[in-house]
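Inside the fold
Each chain is listed here by its residues.
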Amino acid sequence: MFKLVRKLFGFAILLFLAAVIFLVPSSVNSKEQLKNIEGSASWTSIIEPALSNANVTAQGISTEVSLNTAQVNQLLKTSLSGDQNKELLEAVYSINGDKLRVQYPLKLAFVDSKVDLDLDVVFINNALHFDITSAKLGKFPIPKSLVTAILKQHLAANNNSIAIEGDHFIFSLPQSQFSIDKVSLQDNHVKIQFSVGLL
């Protein structure tokens with residue numbers, strides 16, 4: 001009986017190592033890293049063209065913009081420029097359905113890999129709240145609680161634009177003359193509802 005258990009245990013370890021060897025090696029496309037994308041955009045340059053389709057009410061002007069991954073990356077690049085955000089600029093960001101996907105390059109010994117995260121995004125009080133919904137090392141699934149704990153420890157030790165509250169990672173949006181009322185992710189786009197008060 002003991003020999004059988006030992007064989008099964010050994011077989012399980014071999015399967016695990018094989019899975020790690022085949023699934024962990026991976027990499028991000030350097031051209032898609034935020035620091036290397038072409039162009040940049042400000043909130044004003046994104047929002048102003050949408051004002052032609054705005055609704056005018058007694059409270060002011062309101063409208064919505066829909067941004068694809070390329071536009072979101074240009075906006076992120078502008079918002080994250082600065083020495084304190086160098087690590088955030090190393091990542092690749094994309095909108096997949098109703099999730100934000102973040103791929104961050106990682107080197108394990110001599111093996112190129114990446115941390116691949118899917119995040120829920122919620123807008124509260126002019127800030128984006130991020131929650132990890134799934135995590136992978138290369139293509140190998142890892143517990144999201146482990147990644148959350150490591151990220152919290154890392155972000156707490158480094159000066160950057162991301163705040164931590166419980167298991168939420170929070171990015172405060174820059175102040176502007178526009179009031180952002182709602183942010184949602186759907187159909188591979190970020191939809192932003194905003195308003196401008198009348199003087």
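A short tour of the structure in this document, coming up. On a predicted model such as this, the values are computed, not experimentally measured, just so you know.

1. Quick notes on the overall build of the protein chain
Regarding its fold elements, the protein chain presents 5 helices and 11 strands. Burial analysis of the protein chain (199 residues in total) assigns 34% to the buried set. When the accessible surface of the protein chain is totalled, it reaches about 12200 Å², and 59% of it is carbon and sulfur.

2. Re helix H3 (residues 69–79)
Taken as a whole, H3 has its buried residues at Val-72, Asn-73, Leu-75 and Leu-76. Viewed along the axis of H3, the buried residues span an arc of 165°, placing them on a single side of the element. The N-terminus of H3 is capped by Asn-68, whose side-chain oxygen sits 3.2 Å from the backbone nitrogen of Ala-70.

3. Concerning the pattern of salt bridges
All chains considered together, the criterion is met by 5 salt bridges. Salt-bridge contacts for Asp-112 lead to Lys-107; the nearest nitrogen and oxygen are separated by 2.8 Å.

4. Side note on the side chain of Thr-148
When you line up the elements, Thr-148 lands in helix H5 (residues 144–157). On the accessibility criterion, Thr-148 (8% relative accessible area) is buried. Those residues in contact with Thr-148 that lie beyond four places of it in its chain are Ile-132, Asp-167 and Phe-169.

5. Some remarks on the environment of Ala-135
Mapped onto the elements, Ala-135 comes out in strand S6 (residues 127–137). The class for Ala-135 is buried, based on a relative accessible area of 6%. Ala-135 sits 17 residues away from Asp-118 along the chain, and the two C-alpha atoms are 6.6 Å apart. Residues in contact with Ala-135, not counting those within four places in the same chain, are Asp-116, Leu-117, Phe-140, Pro-141, Ile-142, Lys-144 and Val-147.

6. Observations regarding the environment of Lys-144
Here Lys-144 shows up in helix H5. Given the relative accessible area of 43%, Lys-144 is considered partly exposed. Separated by 10 residues in sequence, Lys-144 and Ser-134 have C-alpha atoms that sit 5.7 Å apart. Apart from the residues within four sequence positions on either side, Lys-144 is in contact with Ile-132, Thr-133 and Ala-135.

What counts and what doesn't
Residues numbered from 1 in each chain as written. Predicted model: local features only at pLDDT ≥ 70, side-chain atom pairs only at ≥ 80, totals over all residues. Heavy atoms only, no water. Helix = DSSP H or I, 4+ residues; strand = E, 2+ residues; numbered from the N terminus. Buried < 20%, exposed > 50% of the residue type's maximum accessible area, 1.4 Å probe, protein only. Areas by Shrake-Rupley, 256 points an atom, 1.4 Å probe, with all protein chains shown as cover. Arc of directions from axis to C-beta. Polar contact = N/O pair within 3.5 Å; in protein donor to acceptor, adjacent residues only side chain to side chain. Salt bridge = Lys/Arg side-chain N within 4 Å of Asp/Glu carboxyl O. Contact = heavy atoms within 4.5 Å.

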